[in-house]
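# Inside the fold
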Amino acid sequence: FGYPPFGWFGAYINFKDTTNHFNSIIAQPYARQALQYLNNQAAEVTGIFKDAAVESFGPVPPVPVTPFTPADAKLNPYPYNPTMAATLLKDHGRKVVPNGQSTCEKPGTAANECGAGIPAGTPFSFTWYDTPPSASPASSLESESIASEAKQAAGIDIQLQTKTFNYL
């Protein structure tokens, strides 16, 4: 009681989407980590929300930061770092083409390979579902931000597709 209500924005990624072996790609921790490195939450809080939001580092909405908030709750395990995202993909067998298309260059399951079920030449590409801009302008701006950053920095092709809130 007494806290303002928390807002929430969530993006929906279909982990069962087999298009271009996406289900196998997103099953790899390095792929999910790379996406987090491409998410410039600080810029979104400042630019989109005019500092009326906070960053979030997990599936649970953030609790307001107070003097009693544990220090580790304030640390982003994957801070915005496009260079690290590209390096992570390269270190796991991907040919990274900024503003182009990242593809699997080294198929296999070794530490320096793309991962199980990902054939050579497989692009890192998927559909990101979001509500229409009229329903949530901030949500659309956040989605556009991550899709743009992913393409520019790491050659990840994220196709934005709007769906109704009920569909999502």
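Figured I'd write up the structure that's included with this text. From a predicted model like this one, the values you see are computed outputs, not experimental measurements.

## Structural notes on the nonpolar core
It is characteristic of soluble globular proteins that their nonpolar side chains tend to be buried jointly. Formed by 27 residues in total, the largest nonpolar core has its most connected members in Leu38, Leu89, Phe124, Phe126, Ile156 and Ile158. Every element with two or more residues in this core is listed here: helix H1 (22–26), helix H2 (29–37), helix H4 (82–91), strand E4 (125–130) and helix H5 (137–154).

## Overview of the state of the cysteines
Note on terminology: disulfide describes a covalent bond linking the sulfur atoms of two cysteines. Counted according to the given criterion, the structure contains 1 disulfide. Between the sulfur atoms of Cys104 and its disulfide mate Cys114 the distance is 2.2 Å. Between Cys104 and Cys114 the sulfur-sulfur dihedral comes to about 110°; the bridge is accordingly right-handed. One end of the pair, Cys104, is in strand E3 (residues 103–104); the other, Cys114, is in the loop between E3 and E4, with 10 residues separating them in the sequence. An identical accessibility class is assigned to Cys104 and Cys114; each is buried.

## Here we look at the sheet that holds strand E5 (residues 157–162)
Backbone hydrogen bonds are what pair the strands of a sheet, in a parallel or an antiparallel way. Taking strand neighbours across the sheet as the criterion, the 3 strands line up as E1-E4-E5 in an open arrangement whose pairing is mixed. On the outer flanks of this sheet lie strand E1 (12–13) and E5, each paired with one strand and no other. Relative to E4, E1 is paired through 2 bridges, and the arrangement is antiparallel. Across the sheet, residue Ile13 finds its bridge partner in E4, namely Trp128. Running at roughly 160° to E5, H5 makes contact with E4 and E5 of the sheet.

Scoring rules and cut-offs
Each chain carries its own residue numbering, running from 1 in the written order of its sequence. Since the coordinates come from a predicted model, pLDDT governs what is reported: local features require at least 70, and pairs of side-chain atoms require 80 or more to be given and counted, while whole-chain, interface and lining totals use all residues. Processing note: side-chain calculations cover all non-hydrogen atoms of the structure and skip hydrogens and water entirely. Remark: nonpolar core denotes a set of buried residues (Ala, Val, Leu, Ile, Met, Phe, Trp, Tyr, Cys) joined through side-chain atoms within 4.5 Å. Remark: exposure states derive from per-residue accessible area (1.4 Å probe, protein chains only) relative to the maximum for the residue type, with buried under 20%, exposed over 50%, and partly exposed in between. Only DSSP runs of H or I with at least four residues qualify as helices, and only runs of E with at least two residues qualify as strands; both kinds are numbered from the N terminus onward. By definition, disulfides here are pairs of cysteine sulfur atoms that lie within 2.5 Å. Strands are treated as partners if at least two bridges between them are detected by DSSP. Between two residues, a contact is recorded if the distance between any of their heavy atoms is within 4.5 Å. An axis is simply a line fitted to the C-alpha atoms; with a helix, the fit covers only the stretch in contact. Between two such axes, the angle follows the N-to-C directions and lies from 0 to 180 degrees.

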